[in-house]
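# An overview of the molecular structure
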Amino acid sequence: MEFDINTILKQVQNLQAQMKTIQDELASKIVTAESGGGMVTVKANGRQEIKQITLDPICVDSRDIPMLEDLIVAAANQALRKSRNWPTSRCAKLTGGMPLPFDLY
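Below, the structure is looked at part by part. (Residues numbered from 1 in each chain as written. Predicted model: local features only at pLDDT ≥ 70, side-chain atom pairs only at ≥ 80, totals over all residues. Heavy atoms only, no water.)

## Comments concerning the pattern of salt bridges
For the structure on display, the rule yields two salt bridges. Between Asp 24 and Lys 20 there is a salt bridge, with its nearest N and O atoms 2.8 Å apart. Of the two residues, Asp 24 and Lys 20 both sit in helix 1 (residues 5-28), four residues apart, roughly one turn of that helix. Taking relative accessible area as the criterion, Asp 24 reaches 40% and is therefore assigned partly exposed. For Lys 51, the salt bridge is made with Glu 49, and the minimal N-O distance between the two is 3.9 Å. (Salt bridge = Lys/Arg side-chain N within 4 Å of Asp/Glu carboxyl O. Helix = DSSP H or I, 4+ residues; strand = E, 2+ residues; numbered from the N terminus. Buried < 20%, exposed > 50% of the residue type's maximum accessible area, 1.4 Å probe, protein only.)

Listed below in C-alpha cells is the structure:
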C-alpha cells in the first residue's frame, strides 16, 4: 500500500481546521445546571469557565448561608461536568470514536 504524503498533509490540515472550529464552539457553548429546585443556577462554557451564577432571592436568608454555599458548589460542579462531556462527544463524531492524545481546551 502506497502512502501519498500530500493526501495525508491535506487530511491533517483539514483536521486542524475542524479542531479550530470545535475550540471556537467550546467558547460559545453554554450549559446550565440548577440545584435546590432552581434556587441556584450556574452557567458555564465548554472551556470550563463559570459564566454566571443566579440566586433566587428567596434563598438569601443569612441563617441559610451554609446551605446556600452547598447549593452553589453542587450547581457549579454539575455545570462543569456537563461542559466537560460536551467536547468529548463532539470530538468523537469528528474522529469516529478514536481518542485524541491531547486536550482541546
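## Some points on the environment of Asp 56
For Asp 56, the location among the structural elements is in the loop between strand 3 (50-55) and helix 2 (65-95). C-alpha separation for the pair Asp 56 and Gly 36, spaced 20 residues apart in sequence, amounts to 9.9 Å. Leave out the neighbours within four places in its chain, and Asp 56 touches Gly 38 and Met 39. (Contact = heavy atoms within 4.5 Å.)

## Points about the side chain of Ser 83
Mapped onto the elements of the fold, Ser 83 is located in helix 2. You can call Ser 83 buried: its relative accessible area is 0%. A distance of 3.5 Å separates a polar side-chain atom of Ser 83 from the backbone oxygen of Asn 45. Leave out the neighbours within four places in its chain, and Ser 83 touches Val 31, Asn 45, Gly 46 and Gln 48. (Polar contact = N/O pair within 3.5 Å; in protein donor to acceptor, adjacent residues only side chain to side chain.)

## Some points on helix 2
Under the 1.5 Å per step criterion, the end-to-end length of helix 2 is 46 Å for 31 residues, consistent within 8% with the ideal 45 Å. Of all the residues in helix 2, the buried ones are Leu 68, Leu 71, Ala 75, Ala 76, Ala 79, Leu 80, Ser 83, Pro 87, Cys 91 and Thr 95. Where the residues of helix 2 are buried, they touch helix 1, strand 1 (30-35), strand 2 (40-45) and strand 3. Gly 96 occupies a position one or two residues after helix 2 and carries a positive phi of about 65°. (Expected span 1.5 Å × (residues − 1).)

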